[in-house]
Amino acid sequence: MRAPQESFFSPGIRLGVLPSWVRLSLWFERGRGPTELGCVKLEIQEAWRETCKVKPEFRNEGKGRASSQPSPSITSDRALVRSMARDGGNDGVETGIPRGPATETEPENVVEADGRGNTPREDARGKAKAEHEVEWGRPGNTRAGSSTDVHLDDVEACKGFVEKRGRSGGPDVLNDAKEAVKLAGSMSQGVQYVYDLDSKDESDSRMRGLPWSMGMPEGEKKGAEEDIDYGTLDLLLKARLMAEGDSASTSTDVDGRLGPPQVKVDRGSSSGDLLWDSARLRIESRSNFSSARANVCVYKGKWMYEVTLGNCGIQQIGWATLDCPFTFEEGVGDAPDSYAYDGKRVRKWNVSCHSYGQTWATGDVIGCCMDLERGEISFLRNGESLGVAFTDVRRWREGLAYFPAFSLSQGEKAELNFGGRAFLYPVPGFRPLQEPAAEQAAQADYLLGCLRRLMQLSSTAYGQTSLLPINFAYQEFDASDVVLSCALVAKYLCPLLKVDFVVSAVLIPFLLNISSPLEDLSNVPQFASMFFPVLEQFEILEVVSKLFDSLASLYRTSPFTSTVGCTPPGYRYLKLALELMRIPEVFVAWRARPSFYSQFEMFLTQKQPNPNDLNSLLPEVWWPGADCKFSSEDAMKTQCRNIKRALGIIEGVQFEMCMELLTCPSTRESTHFEEFVLWLIQKNKGANRNVPPPNLSDPTVLNSTFFVLLRVLHYHVRIESKSVDALERFPASIFVTELARELDLPRLGGTLAHVEREHPLKCLQHLNVEIPPGARHLEGDDATSSMKKHPLDLKVKPLRQAESLSPEQLTRLFDATLLLYHLSVADAFKAANTQHQAKLHFLSQLEDTERRMQRLDMKSGEMLAHLKEARKRFRKEVIESTRACCWSRMYLFRQQKQCAMYCVSNYACRLMLSLSSGKCSGTSEEGERLFSYVPEYYVDSMVDIFHALRRAEPAFAGASVLARHGLADAISFLVKHFADKRILNPDVRDGLLQSISVLLQYKEYHASFEENEEAREHMIPSLLAAFQERFWIPISNILVHLCRGRGFATKSNKGRDFQSEVFQKILHDTCKDDIEMFSSFLNRLFNTLNWTITEFGVSLKEIKEGARRRQLAEHHQQQRKCTIMFELSVNLLRILEFFSLVLPEVFIYGSGLNLTRLCELIRFVLVHTAAGPEGRSFEERVSHISNLYSQEKLTRGTVLAPVAGTLINLYRAEVEARANGSSHNSVLACLSASDAVVESMDVLENMHWSKALSAEPQSLMNIRFLSELARALREQKERERTACTKVEEDMDADEDTCTICYSATVDTSFLPCGHRSCHQCISRHLLNNKRCFFCNKDVESLDML
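What counts as what
- Residues numbered from 1 in each chain as written.
- Predicted model: local features only at pLDDT ≥ 70, side-chain atom pairs only at ≥ 80, totals over all residues.
- Heavy atoms only, no water.
- Helix = DSSP H or I, 4+ residues; strand = E, 2+ residues; numbered from the N terminus.
- Buried < 20%, exposed > 50% of the residue type's maximum accessible area, 1.4 Å probe, protein only.
- Contact = heavy atoms within 4.5 Å.
- Areas by Shrake-Rupley, 256 points an atom, 1.4 Å probe, with all protein chains shown as cover.
- Salt bridge = Lys/Arg side-chain N within 4 Å of Asp/Glu carboxyl O.
- Pairing = 2+ DSSP bridges.
- Axes fitted to C-alpha atoms, helices over the stretch in contact; angles between N-to-C directions.
- Arc of directions from axis to C-beta.
- Expected span 1.5 Å × (residues − 1).
- Polar contact = N/O pair within 3.5 Å; in protein donor to acceptor, adjacent residues only side chain to side chain.
- Phe/Tyr/Trp six-rings, centres within 6.5 Å; stacked < 30°, edge-to-face > 60°.
- Parallel < 35°, antiparallel > 145°, perpendicular 65-115°, else oblique.
- Left-handed = near helix turned anticlockwise from the far one by under 90°.
- Lys, Arg positive; Asp, Glu negative; His and termini not counted.
- pLDDT = per-residue confidence, 0-100.
- Core = buried A, V, L, I, M, F, W, Y, C linked by side-chain atoms within 4.5 Å.
- Disulfide = S-S within 2.5 Å.

A. Seen up close, the overall build of the protein chain. Within the protein chain, the secondary structure is distributed over 51 helices and 21 strands. Buried residues in the protein chain amount to 54% of all 1345 residues. Expressed as a percentage of contacts within the protein chain between residues at least 6 apart in sequence, the contacts between residues at least 24 apart total 73%. Counting only carbon and sulfur atoms, one obtains 50% of the accessible surface of the protein chain, whose full area is about 59300 Å².

B. Seen up close, the pattern of salt bridges. Under the counting rule described, the total for this entry stands at 43 salt bridges. Between Arg582 and Glu579 there is a salt bridge whose closest N-O contact spans 3.6 Å. Residue Arg582 is classed as partly exposed on the basis of its relative accessible area, which comes to 37%. Through salt bridges that share partners, Lys575, Glu579, Arg582, Glu656 and Glu660 make up one connected network.

C. Quick peek at the sheet that holds strand 4 (residues 289–293). Reading across the sheet, the six strands line up as 4-14-7-8-9-10 and stay open at both edges, with antiparallel pairing between neighbours. If you trace the sheet from one side to the other, it starts and ends with strand 4 and strand 10 (352–355), each paired once. In this sheet, adjacent strand axes meet at a mean angle of 20° when their direction is disregarded. In this sheet, strand 10 lies alongside strand 9 (residues 347–350) in antiparallel orientation, the contact comprising four bridges. Looking at the pairing, Arg347 lines up with Ser355 of strand 10.

D. Seen up close, the pairing of strand 6 (residues 302–309). Counting buried positions along strand 6 gives seven out of eight residues, so the element sits mostly inside the fold. In this sheet, strand 11 (residues 365–371) lies alongside strand 6 in antiparallel orientation, the contact comprising seven bridges. Bridging across to strand 11, Glu306 finds its partner in Gly367. Here strand 6 runs beside strand 16 (residues 431–432); their pairing, made up of two bridges, is parallel. Across the sheet, the residue bridging to Met304 is Pro432, located in strand 16. Where strand 6 meets strand 15 (residues 413–417), four bridges bridge the pair, whose relative direction is antiparallel.

E. Quick look at helix 34 (residues 1003–1011). Of the positions making up helix 34, those classed as buried are Tyr1005, His1006, Ser1008 and Phe1009. Along the long axis of helix 34, the arc covered by the buried residues comes to 160°, so they all point the same way. Exposed and oriented more than 90 degrees from the buried face of helix 34 are Lys1003 and Glu1011.

F. Highlighting helix 30 (residues 936–950). When the terminal C-alpha atoms of helix 30 are compared, their 22 Å separation across 15 residues agrees well with the 21 Å that a helix rising 1.5 Å per residue should span. Along helix 30, 13 of the 15 residues are buried, which leaves the element largely enclosed by surrounding structure.

G. Focus on the pairing of strand 3 (residues 282–285). Relative to strand 3, strand 2 (residues 274–276) is paired through three bridges, and the arrangement is antiparallel. The residue bridging Trp276 from the neighbouring strand is Ile283, located in strand 3. Where strand 2 folds back onto strand 3 in an antiparallel hairpin, the turn is made up of five residues, including Arg280, whose phi is positive at roughly 55°. Where strand 3 meets strand 15, three bridges bridge the pair, whose relative direction is antiparallel. By the bridge assignment, Glu284 is partnered in strand 15 with Lys413.

H. Fine view of the environment of Gln835. Within the secondary structure layout, Gln835 lies in helix 26 (residues 807–855). By relative accessible area, which is 27% here, Gln835 ends up partly exposed. As for Gln835 and Ser881, which are separated by 46 residues in sequence, their C-alpha atoms are 6.2 Å apart.

I. Layout of the sheet that holds strand 20 (residues 1316–1317). Read across the sheet, three strands follow the order 20-19-21 without closing on themselves; strand pairing throughout is antiparallel. Either end of the sheet is taken by a strand with one partner, and the two such strands are strand 20 and strand 21 (1341–1344). As defined by bridge partners, strand 19 (residues 1308–1311) adjoins strand 21 across four bridges and the pair is classed as antiparallel. Note on strand 21: the bridge partner recorded for Ser1309 is Asp1343.

J. Local environment of the side chain of Ser529. Among the secondary structure elements, Ser529 is positioned in helix 14 (residues 524–531). Under the relative-accessibility criterion, Ser529 is labelled buried at 14%. Reaching out from Ser529, the side chain makes a polar contact with the backbone oxygen of Gln526 at a distance of 2.7 Å.

K. The packing of aromatic side chains, seen in detail. All chains considered together, the criterion is met by 48 aromatic pairs. On the basis of an interplanar angle of 70° and a centroid distance of 5.6 Å, the ring pair of Phe1138 and Phe1139 is categorised as edge-to-face. Taken individually, Phe1138 and Phe1139 each receive the classification buried, so the pair is uniform in this respect. Three or more aromatic residues link up through ring pairs in this structure, and these residues are Phe548, Phe587, Trp590, Phe596, Tyr597, Phe600, Phe603, Phe676 and Trp679.

L. Here's a closer look at the packing of helix 26 against helix 30. Where helix 26 meets helix 30, the axes come as close as 9 Å, and the angle between the chain directions of the two elements is 50°. One element, helix 26, and the other, helix 30, form an angle in the oblique class. Note on packing geometry: the crossing formed by helix 26 with helix 30 is left-handed. Along its contact with helix 26, which presents Phe814, Asp815, Leu818, Leu819, Tyr821, His822, Phe829 and Lys830, the element helix 30 presents Tyr937, Tyr938, Asp940, Ser941, Asp944, Ile945 and Ala948.

M. Molecular detail of unusual backbone geometry. Looking along the chain, the bond that leaves Glu953 and enters Pro954 is cis, with omega of 0°. In the Ramachandran plot, Val346 falls in the positive-phi region, its phi being about 55° despite a non-glycine side chain. Structurally, the position occupied by Val346 is in the loop between strand 8 (338–342) and strand 9. At Asn695, a position not held by glycine, the phi torsion is positive, near 60°. Classification of Asn695 by relative accessible area gives partly exposed; the value is 41%.

N. Spotlight on the environment of Phe706. In this fold, Phe706 is placed in helix 22 (residues 699–713). Separated by 110 residues in sequence, Phe706 and Ala816 have C-alpha atoms that sit 8.5 Å apart.

O. Spatial organisation of the side chain of Glu926. Inspection of the secondary structure assignment puts Glu926 in helix 29 (residues 924–930). Among buried Asp, Glu, Lys and Arg side chains, Glu926 stands out as unpaired, with Arg929 the closest opposite charge at 7.4 Å. What Glu926 contacts, discounting residues up to four positions off in sequence, is Leu761, Cys763, Leu767 and Cys920.

P. Main features of the confidence of the model for the protein chain. Within the protein chain, residue pLDDT values average 77, and 75% of them lie at 70 or more. Considering only residues more than four positions removed or in separate chains, one finds that residues 218–227, a stretch of pLDDT under 50, has 12 contacts.

Q. How the structure looks around the nonpolar core. Among the nonpolar cores identified, the biggest contains 291 residues, and Tyr938 and Trp1249 are the most heavily contacted of them. Counting residues per element, this core draws most heavily on helix 26, at 16 residues. Ignoring anything within four residues of it in the chain, the contact list for Trp1249 reads Phe1048, Ala1049, Gly1197, Leu1200, Ala1201, Ala1204, Leu1244, Ser1254, Ala1255, Leu1260 and Ile1263. Within the second largest apolar cluster, 36 residues are counted, among which are Val263, Ile317, Tyr339 and Ala414.

R. Representation of the state of the cysteines in the model. Taken as a whole and judged by the stated rule, the model has zero disulfides. Note on Cys640: no disulfide assigned, nearest cysteine sulfur contributed by Cys886 at a separation of 4.0 Å.

S. Local environment of the environment of Pro525. For Pro525, the location among the structural elements is in helix 14. Along the primary structure Pro525 and Ile583 are separated by 58 residues, whereas in three dimensions their C-alpha atoms are 6.6 Å apart.

Structure, rendered in structure tokens:
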């Protein structure tokens, strides 16, 4: 609070009622010593008297020059006084109030103005006044009783200056006064001279129009002939304020409430780890469960308070008594006399929980109402009543009182409003827990009305009388009257604006309504130019901070609507904040506040709707196949356009606010927007952790900032063969900035410390990466003229606000864009994809249910009722997921955003390719080392952005379009780096493999891979070499896609059925040319397949045994594991089938180890799925899986088809080898015609493949070989049956039989241990283990016996 500043000449009137430049004259003179100090006081008194008597010629002469000027503004006063202070040798302070140097004559007890502009203490002022009370004469006289000279030369210079420029009115009078004071050697003499000049012709004038501006009744106005001075006007204003306050005041005695007047969180009652602000109204939980109460309680009456949700997690909000225990596990609603509402789980809590209310969203305002007269508790969400939650609440008992109470889980935030601010959604009949500042609000409303009328008078001072009332008797007055009246109003208004309730309930509505139409806000700068200059600097800081804080809160809690012809409710608050930002003095004051960034980020939030909100935004929902009786495609499109328009309005204002920061330099090297982005990154650097840290920003803030950065960068990273303004050189220093070191994010080569130690680069700060232009499949306008142009084909217009940005600044913004996407924005796009997948799933379930109902006999009443209930449930899910997808499409996937995202992703890809190949300003060795310095989020963000656009619905662009815009660059990077050893993190490489696997599923992308030279050269060898424990799953998926079209009993895949002859040939040639590598690959393939089939069998057994006792979540997890293992086993079997088709010689010829292992796997699969106890019960075991979708996938035919195909390929190759007379390995011998194998072959031979798998007839052409193999196995079994006894006797008698396989003779021993076994078993063992399987000693060599 500013110290009282009583006038020396008018008791009860502060110096604040004087113009700021008059007050500043006193502050300036404060450093001149006690002798002049008393004279200055009398000088100000004289100036005051002269100012209250404005002369007629002053008014008349001022009109001519001031008519074209805006309303009087003295915003440059502080800058002028600073310059004057510098000229006079005085030091300025931060607030702009100059402070003169101490002199020898200055007493020690005279206190200078502090940093906020406070005047000296009263005792010092009184003493100085008593000692130096003198008379002050006109210029040219000397100061009576003073030994100090009058400085007549300075006065004469001042006279000459003013006379040279001529007399003027309006603001120029003030400017002339400043210049006169500046030229005068003494501030006091300059002020005295100017006022003497203005009062030389007439000494009495009347103030006309000002009583009307103060809103005084006719009876209180003075007559036209009577003078009105400012002292009288001040007294009248005081009386009116007292009347306004008395009429709005309420009784302070409140029955039914106990506690202090100001309500806040009670520290002593909190449990857990709660973080709160200085007012203890904004809280955040930093532990698993934190609870607290307010410091007031109620025992009768009707009461309410509001809670604004900082995020939408688990919170329990309501009321509790002192007996309610708060622990790390129990909170509000977990005990008797404790009642809470939880919108995350949509439950109400009072010992037990029950369904209640709606799902809440971030930014929702939850009203908590307690009616102790009726014993009821109810809640509201954004003003909508959720109904009575609790009845029969205990009351009217001794010691029973209810406190506002709240429990929050980790990371949850909330803002409490007990009445200190105006309720957003008040409920009639319910009182706030904190008495609102109604008296101050009424006074502020009256004073703002005075300012509104002063704004009208200010317009008439320059010839604009249209704003005055029609019946207003126009009388001439001067602009200085308006300035002084504004100072008088500000004297009483400024303290009121420090009250939150006054700002939110009075000031903001006033600012929104002073212009017409409401969206114009053109009068806001005029109001600011009149009001803020008459305030002290510290007062401006406080008012501006309160104003923006309330505006941000009001915008953040505004619901989103898309009504045609109306702007969203939050638009008005955003627009007002933008207009205030454009006022330099306001922006400087706001920027000086420590809370600037935290307040600014609240304007970048976007309230996300919950299902109830989406229902009101999209009442009609349509999808392909929907019943036209209930929905319309045209209505759905109209609703989506309205949402898109409303979002565009909000995002447009947010963008303009960010551009205000971007065009305002903070230092020589950065702008305020850059600093805000860096602050935002530092605040949210742990947002993607499993357990995020506290005090994170709302995710929509990062989304909005990301989209703003995209618009700024789009022109500079566009994909063109010749880009004039593109970022063609990327400074490597961006990888080692202070921010990069502070965040310490992992690099491709490890941590930054590890990379600098292993790959040192002394000249890293001076290296630049050369980035080539985007690769185009088709170039030139003629190439795209014959096809429909995509938005990517259109030229990008440069952004005016970004023209002044240097390449270094653009590079920092590009780095921040990728980092923001990595930290938070990627989650939003993944959530949108999850919603889309859920929509497809529920739509498939709905269609399947309707097909079943059509096939069902109408007599099956119970089953029909069950299907109708299922259809109703699936239809509801489809409607909700369709609405959510529409919102995501309008919010995230607008075409302009998608184009910019793709250009950023492609630029990152070209950057990575240049770094990988060493294209930099240094040597090639330095370029290769530089690749290890690249942060991992460059690769992650690049890949994620590409897939987010690919998964968009509708699709952003097909492969044919992307082929013209850099798709080749993305494919080259993927195939060259998924096996790059320089990338140490396997997760990054796994992500690249996953990307290749996904893209190869689509025919268009598959063709792009085949056309890419890097893919044809590097992909297949790298895939086979990388097939190991970490990467075998994505590699197996890729190989399955490449081998497609050559399997047994395959079916058409609805337009996605294609065969990659190019890669199949490359795969065949690679394996044939490098047998050693292929043998190593086969060994890993056999081991992996053996594990997946075993895990699948174990999972089936566990599901059957534990279906009843296992918990539901664990049961679903086991089912998912079973399904995954089954799919992986089928994929690996298909790969083996392919190699048995294109390379049968690897199994038929040679040592026979590969054929033996393959046949063992085949027998293992047949025993588990086709024959034997487990095989015969396959369908029965699968039936225990409750997921119908999984049951449909886990069929016997699916896993047996690749087994049958492999047997056909091997037997056909054996038949051909036998016909050629060449030596070969026998498939019959390796299969061993056991009962289980023969039974399994019968199952394969008799299966109806075309019906079981909808197989294409062409894929069943070689099925005759399967019948021949089955017949041969039956014949072999008959032959073995006759010689069974003799074989068993020989085996019992032969001591040289291998104890591992019991089928071969011992012929090899380990050295040096000497243990023996057959060569086949030993060779197979040494593929995976180099130790003896008897004694576990290291094997040095083998000895053939």
